[in-house]
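# Examination of the molecular architecture
Here are the chains, one letter per residue:
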Amino acid sequence: MARDYAKHCPVSPMKNSLLVTAAILLIIQAASCQRVRVETEVEAYPTESVDLRCEFVDGGNTKLTQVSWIWEPTEGQRDNIAVFHPTYGESFPESPFSGRVRFIQGNLTSPSITITSLKMADAGRYTCEYATYPSGNEQGTTNLVMLAKPKNSASPVVVQASTSGKPVVVAQCEAADSKPAATIKWMGAVGGTENTTSKNGPDGTVTVRSEYLVVPTPEDNGKEVTCIISQRTQDKPQTFPMKLAVEYPPNVSIVGYDNNWYIGRTDAVLTCQATGNPAPTTVTWTVMSGPMPDTVQINANKLIVRKVDEAVNTTFVCEVKNRLGVSKHQVTTAVIEQRKITAGSSTAGIIGGIIGVVLLLAIVAAVIILVRKRKQNAVNGDGPPKHKPPPPVKAGSSTEMLNKPVTDSVTKELTESQPFSNVYYETSGEPVTDLDACDDDDDNTIGGGAANGGGPAVLEDSIQYADVDETLNDEALPPYSDADDHHVDEPPSASVARGESFVSAAMYV
């Protein structure tokens, strides 16, 4: 609607000029106000002093005639509290500040004042106003904020355990006469609620009071709640931890009976345990069957049976009193003929400890045996070799005989004296190849024995045996038969010692 009105009812040029003029006047007024320099806000505390500073800057051709300090406690009320004239000097009109205000320097350009013995009622607006020519009055305003530190306190409230289920006040906390008002919070493990109220004072201070409410039970007695007070004048929140005080009648129980009161047992003890707030004042032992047996001795809350007999086969009653009431508890003791053998918790613990030690020793022994066995195996050589074995040593053997050159006379002698079929080479253990035969006997071997296990080359030896082949042409070739009979000689016997070499019999194809 406003936009439609502006669209259909444009502002006249005259109105535009008036708006511009008003804006210029506001800018000029703001610029003139800025020439009186003051602090926007100052904080102070009761009974202390405060300085209110004022200064006229960039005066130029402006003539300063007089300066005044005006106090405005509330809206619409203005009281002159200090005046300075360059000719007539200082003046302090009658006001609530009489005798408590003075000029610091006493001149027009810096007419700052000091107020002593401050009160909470001194809070308000303080205006430093200049009478000037030709611009008129110019001023600056400082807001004095009076702060008051709170008087903090907290305390628990003694209550009785509730039977109605209604919450009651169990603790209270207060921050009195503070400005500004304080805030109060609660922390506790009892699940309570809080109720906070505030009250304004005649001097502008505020008193804040908070209550903590729970449904009190005997279990809540001694539990802790904390009141936390925060306020502007405090460096950090102040805390008040408190323990709840819940009163309740005694709670009683008898302990010590183990169902093993056998005839002849000595010093059997019953203990009457009682709690209450306030603490129980009296403890009384009685027997439901009549008078107390002669073998029984009472010592405060303990009942001691010096020697168990049939007289203590009865019911013992413990009665406890405090300011709020009386509570009782009873236990019936049964006397037996013989003692019951039971393994107590201490015996079970000892047995468990022994078993644990035995297991630990067994584990340690097993580890020691394993380590020693490994060391012994290493000493006996059962493990893998840790060094390179020495090279084989040559010895007088069939290898030397095979490396000798063969002549016609030898061939003939071998052929006539010993048939080929009876020639065997015995071996023993694993064969060892004489790798040094080639290097050591180069002059006595033909073709290099290394290629044939240290013996002479078979193909070259066939040349030397040519005459023998012609002589034995019609005979079977030992140690193998002809191709038709398919006869294979028996394997050589294992009689060659370790370190010797052997050559298998030649095979003709």
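This write-up is about the structure you can find in this document. (Residues numbered from 1 in each chain as written. Predicted model: local features only at pLDDT ≥ 70, side-chain atom pairs only at ≥ 80, totals over all residues. Heavy atoms only, no water.)

### Some points on the sheet that holds strand β9 (residues 113–115)
The strands making up a sheet associate through hydrogen bonds between their backbones, and the pairing can be parallel or antiparallel. Here we have three strands laid out as an open sheet, ordered β3-β9-β8, and antiparallel in their pairing. Each edge of the open sheet is held by one strand with a lone partner, namely β3 (50–52) and β8 (101–103). Direction aside, the axes of adjacent strands within the sheet are offset by 25° on average. With three bridges joining them, β3 and β9 adopt antiparallel strand pairing. Bridge pairing links Asp51 to Thr114 in β9. (Pairing = 2+ DSSP bridges. Helix = DSSP H or I, 4+ residues; strand = E, 2+ residues; numbered from the N terminus. Axes fitted to C-alpha atoms, helices over the stretch in contact; angles between N-to-C directions.)

### Some thoughts on the nonpolar core
Counting 29 residues, the largest nonpolar core has Val50, Trp69, Ile81, Ile115, Tyr126 and Tyr130 as its most contacted members. The element contributing the most residues to this core is strand β5 (residues 63–72), with four residues. Each residue touching Ile115, except ones within four places of it in the same chain, is listed here: Glu48, Ser49, Val50, Leu52, Phe97, Arg100, Val101 and Tyr126. Val159, Ile184, Met242 and Val246 belong to the second-largest nonpolar core, a separate cluster that totals 20 residues. (Core = buried A, V, L, I, M, F, W, Y, C linked by side-chain atoms within 4.5 Å. Buried < 20%, exposed > 50% of the residue type's maximum accessible area, 1.4 Å probe, protein only. Contact = heavy atoms within 4.5 Å.)

### Focus on the pattern of salt bridges
Taken as a whole, this structure holds 15 salt bridges when the rule is applied. Linking Arg232 and Glu41 is a salt bridge whose minimum nitrogen-to-oxygen distance equals 3.9 Å. Remark: Glu41 occurs in strand β2 (residues 41–44) and Arg232 occurs in the loop between β18 (224–230) and β19 (238–243); sequence separation between them is 191 residues. Judged by its relative accessible area of 44%, Glu41 falls in the partly exposed class. For Asp258, the salt bridge identified is with Arg265, shortest N-O distance 3.1 Å. Judged by relative accessible area, which is 38%, Asp258 ranks as partly exposed. Given the relative accessible area of 18%, Arg265 is considered buried. Look at the salt bridges and you will find they share partners, linking Glu72, Arg78, Arg125 and Glu129 into a network. (Salt bridge = Lys/Arg side-chain N within 4 Å of Asp/Glu carboxyl O.)

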